[in-house]
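Structural overview for review
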Amino acid sequence: MIVTLKWLSDFVNLEGLGAQEIADKFISIGFEVEDMKDLSKGMERVRVGRIVKLSKHPNADKLQICTIDLGGETVQIITAATNVFEGALVPAALDGADLPNGLKIKTSNMRGEESQGMLCSGEELCIDDSVYPNALVDGIMILDESAKEGQQIAEFLGLDDVVFDLKVLANRPDYQSVYGLARELAAGLNREFVEPKLDFDAKNVKLPLEIEVQSKNCPLYFGCVVENVQLAPSPKHVQQRLKSVGITPRNNIVDLTNYVLWEMGQPMHAFDYDKIANHKIIVRQASLDEEILCLDDNKYVLNPDILVIADSKQPIGLAGIKGGKEFSINDSTNNIVIESAIFDRVCIRRGARSLGIRTDASSRYERGVESISAQLGLNRILALISEFKIGNISSVILKLGDVNSESREVVLPLDDIKRTLGIEVSTQDVIEILKRLDICAEVKGENVHCLVPAIRADIERPADIIEEVIRFYGFEKIVPTYCENTQSISGGMNDLLKLERNCVEYMMTTGAHQVRTYGFRAPSEFDKLLLPEGSPLRDSVKIENPLSLDYSVMRTEMIGSLLDVVKLNASRKNKEVQIFEVGKIFINNRNNKDNLPQEDKILAYLTSQNVDFFNVKAITEMLASKFGLTFNYKPSQIEFMHPNICADIVLGNKKIGFVGKVHPKVTKNYEISADCFYFEINLGLLPPKKVKKVKPLPKYPSAHRDLAVVVDENVQVGGMIDVIKKTVGDILEEVELFDIYQGEQIEKGKKNIAFNLKFRKADATLTQDEVNDAFNKILARLESTFQATLRS
Amino acid sequence: MDKQIDEILKNAEAQISQAKDKQELTLTSAKFLGKNGALSDLMKGLRELPNEEKRSVGEKLNILRDKLNALVKEKNEAIEEAILNEKLANEKVDVTIPVKPASFGTMHPIEILKKDLVDYFVAKGFELKDGGDIETDYYCFEALNVPKEHPAREMQDTFYIDSETVLRTHTSAMQVRTMESQQPPIKMISTGNAYRIDEVDATHSPIFGQLEILVVDKDVTMADLIGTLDGLVKHLLGKNAGIRVRPSYFPFTEPSIEADATCPKCQGKGCSMCKETGFIEMLGAGMVHPKVLEMSGIDSTIYKGFAAGIGLDRLAMMRFGVSDLRDLYENDINLLKQFK
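Thresholds, definitions, all that
- Residues numbered from 1 in each chain as written.
- Chains lettered and ligands numbered in written order.
- Predicted model: local features only at pLDDT ≥ 70, side-chain atom pairs only at ≥ 80, totals over all residues.
- Domains from an automatic or database assignment.
- Contact = placed C-beta atoms within 7 Å.
- Helix = DSSP H or I, 4+ residues; strand = E, 2+ residues; numbered from the N terminus.
- Nonpolar A, V, L, I, M, F, W, Y, C, P; charged D, E, K, R; others polar.
- Pairing = 2+ DSSP bridges.
- Buried ≥ 20, exposed ≤ 12 C-beta atoms within 10 Å, placed from the backbone.
- Expected span 1.5 Å × (residues − 1).
- Arc of directions from axis to C-beta.
- Axes fitted to C-alpha atoms, helices over the stretch in contact; angles between N-to-C directions.
- Parallel < 35°, antiparallel > 145°, perpendicular 65-115°, else oblique.

What follows deals with the domain arrangement of chain B. Looking at chain B, the domain boundaries give domain 1 (2-90) and domain 2 (109-336). With centres defined by C-alpha atoms, the gap from domain 1 of chain B to domain 2 of chain B works out at 89 Å.

Shown next, in the form of structure tokens:
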């Protein structure tokens, strides 16, 4: 919301306050000052002067010496401009001026004659024709006779003002007006708030007007005829204020509708009375495909969601958004209808959205305008029309609907202030602050009864009153405390969160770097990952309104995100990277009470370093041992992984992840030339880490045997280890693979596998026979299961 | 006999000292100490001596044996020493050759910050809670006093999955989930991603990290909120830092505040980072709105609460001197490596 210092001054006396002090006060009561601009900056030493004498420079043909009257004081200024003349009023920049265009002015000697300043062009003051007619004339700006000798040029031009851009909080529609902001400022400064002039002279106007409201989206509608309007440019200060807030002045009627919108926060509209068929205004929903040509010269095709103002033939305006062109005020307008109305917030929002328009009026309706504001707005514009003598105001004002101007009572328990804020605020202070806000407060027993004016729709509960109190009492008066009066709870974090943290710690010890990637992915990723049609991973959660196609689905796998990181690094010559992320995948499986997609936390790891499958599997095994778990590995076929170098990671009989080499076609699809190895583990599928009791150290010695067998090269070692473990009971303490050999001494197509077996009994020393017996059983089982032969 | 002993000793001294390696030493020592060695020969002769001599000769032979053993042992040690020296002499490395060090990985900067904050609050007795990135309209908005069509919905441009499902625009969605699942006392923090429609640029990202703080109990006040936030800022920015509180508006808190922290770059003096104000925007907070407590099944006449939400991305940028937010999501290894 843009507001100027002078405009605020209409409502609150700001004497003695600098712009910065006003900005600081706004900040302290809850407004962010996004911008603050002193329009007169650079014009401090520029004043209106009259050229009382003009003479040729004795030593320079092109220069003239001007004697300038600054209102009692006279200076001599030399100029090269040719458009000056004796008697002209001109802007004179005096010694020490630092002009808006950056020029610094000093008294100087020009060819033997002193020049005590400079006469300015519009360009040097950085103003154009919109600020002053013919400002950009070639030469010095010549001022009209309303200027006074010695007057500050900024004051003459109406630029002696400061423009504030304030961020308005969403719950305070009343702040979208100079009126509302000035009231807050007055309360903040504890200065008197001056109500604007709201009374006007009405006449007996004989022009008939009828209004019918057919839609529930218009709870209140005022219409008033103004007869015999004299269209003209607005008074200078009105124009200047509109320009300061970014509105182009047009004519006195249109300007006043805008002026009142800005000042009172009430959107206003004026229709050309004589164009309205049968002089009847109908407020109704548009019919399908109805059309209207608006003031912006666009033709809009309407639908029943849009509220229109119509006459008996056609729409004459989009309610609360924009007026129809044909019915707007123009040079031939004689009589007008002023509209001040309340339209439903949601209806205006939907309508404006569906048409793709947002106007100063629609944005105010979208935030909400209180009914009292429609009454105030109407009175204000009529008061201004009356003041500026623009036309005859009809004494008949049509009003459809009710104005809710009743104050609301909110009862605040006195002890609630201390309970909420943690400090005592005296009852006297509370009442005094509320009074400044026009809230009438009275203590009755343990409570304060507050009468809240209708315009403060945001105040409904005691908490809202407490907020007002502390806002003006000052947050800096609160003495910080540290929850000393709260009860303790167990605190900490759950198992999954602990696991996640531990994973990150463990993964860092491998030298991998944690990354953070977006969960948004492009649907084309599924193709890059070679996923066939119908793959469950293609069933992604889609975003209705994505930023772009590349960010339009939630990821169903982590590998794509990590491949993209490797790709980016590869493109920057970081060829060997080792990264991990604990991230979420989103599964379109809404089997929960909130009907939300399933979210799984995945630990994913990717390396483009020169490693092999076993280096990466060593990491998953390290994790298993840190978690105190045993992972099993089953060969696996996953579309985006190498068909022969990939294993499911299995815990118990549940797949919890996989590890392997990324399919070379996939790495190529991500423009990565290196081989990549990848693993992921679904952390949600890991059991919580339990506190383990210590196992007593063994009392009896262990016995070791090496076992080397030759088997077919396709036999999987994992399967052999499983069989070995199952063959003899507890006495086998450990099986360790220590060699795999294929080569000259072994028959082609076979391999030699060597294990170290460790036996032990908990309650006795093993005998030689027991060990031999176990060893032979294992050998026999390997022979029968895998056609293994003992290698001598 | 004495002569013989002297001779053996003399020969042994000469020959053993000549042994070049362990093998030669073994052979040489066998000549004197072996089964058929010189000492053995003399021992055998002992039996033929008269008893009165046996004893003195026997003693002399024992001394001889000890001396021979000592000679062998001494030589053996000398040889081993020589072997070791030779080995050591050959085991040379140029210790100045540069190496590629075995290294630890690193944590992502935003995660470092997150962990730091979680540790801080967990140590203060808070419980960390985790929530979904995809949330129902109810938990993200309705239950936080933001009904449909409420203008505040426009404060946060929302990604929709469908009309009732959104990517959460704030971690505040966890407030109601927490309050619904337990009665006070509640001291909760939650970290995670939040999503808003923002084009990616130097200071915006459609996905960003947030920390949510919620305390609900009988005697919880705005003063506790301010103290908690002040403590947090001191933890993050140093003991001389502090907060400035401004009134604000959030539909789910009343009164609502925004807290600015002392600018870490200029310590409050005013600089380009804080636009000469000495403060930087840090977080939004407030006393939990009574309506929100009630909708979550908590009696607002007995309990009060405070809540705060802190964006982590910009805090991480500030903390680690990152000037472009995109750098934190690009994951260039040369940047990540610096966060040892």
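Structure shown, so let's carry the discussion forward.
With that settled, the discussion passes to the interface of chain A and chain B. Listed per partner, the contact involves 72 residues of chain A and 67 residues of chain B. With six residues, the single largest contributor to the side of chain A that touches chain B is helix α12 (residues 462-473) of chain A. Within the side of chain A that touches chain B, the residues separate by chemical class into 35 nonpolar, 23 polar and 14 charged. As paired elements, strand β26 (residues 492-493) of chain A and strand β1 (residues 127-129) of chain B share two bridges and run parallel to each other.

What follows concerns the environment of G102 of chain A. Residues and elements named next belong to chain A. The topology assignment puts G102 in the loop between β6 (89-94) and β7 (108-110). Classification of G102 as exposed rests on a count of 9 C-beta atoms within 10 Å. Between the C-alpha atom of G102 and that of I2, which follows or precedes it by 100 residues, the distance is 26 Å.

Let us now look at the pairing of strand β9 (residues 279-288) of chain B. Residue and element names in this part refer to chain B. Extensive coverage of β9 is indicated by the burial of eight of its 10 residues. As paired strands, strand β8 (residues 253-262) and β9 are joined by eight bridges and run antiparallel to one another. Directly across from T253, in β9, lies its bridge partner V288. The sheet contact formed by β9 and strand β10 (residues 304-311) spans five bridges and is antiparallel. Looking at the pairing, G286 lines up with A307 of β10.

So, about helix α13 (residues 495-509) of chain A. All names here are of chain A. In this model α13 runs 21 Å from its N-terminal to its C-terminal C-alpha over 15 residues, within 8% of the 21 Å that 1.5 Å per residue would give. Among the residues of α13, L499, C503, V504 and M507 are the ones counted as buried. Seen end-on, α13 carries its buried residues on one side only, within an arc spanning 140°. Every exposed residue of α13 that faces more than 90 degrees away from the buried side is listed here: E505 and T509. On the buried face of α13, the contacting elements are β27 (513-514), β30 (578-587) and β31 (598-607). Just downstream of α13, G511 is the residue with a positive phi angle, here 90°.

Residues and elements named next belong to chain B. Contact geometry of helix α5 (residues 109-123) with helix α10 (residues 312-320) gives a least axis separation of 9 Å together with a crossing angle of 100°. The angle between α5 and α10 places the two elements in the roughly perpendicular class. Contacts from P109, I110, L113 and K114 in α5 reach L312, D313, L315, A316, R319 and F320 in α10. Considered class by class, the residues forming the contact of α5 with α10 number seven nonpolar, no polar and three charged.

Residue and element names in this part refer to chain A. Read across the open sheet, the three strands follow the order β23-β25-β24; overall the sheet is antiparallel. Taken across any chain shown, the strands that pair with only one partner, and hence form the sheet edges, are β23 (408-413) and β24 (440-444). Direction aside, neighbouring strands of the sheet carry axes that sit 25° apart on average. By the bridge criterion, six bridges tie β23 to strand β25 (residues 447-452) in an arrangement that is antiparallel. Bridge assignment links R408 to a residue of β25, and that residue is V452.

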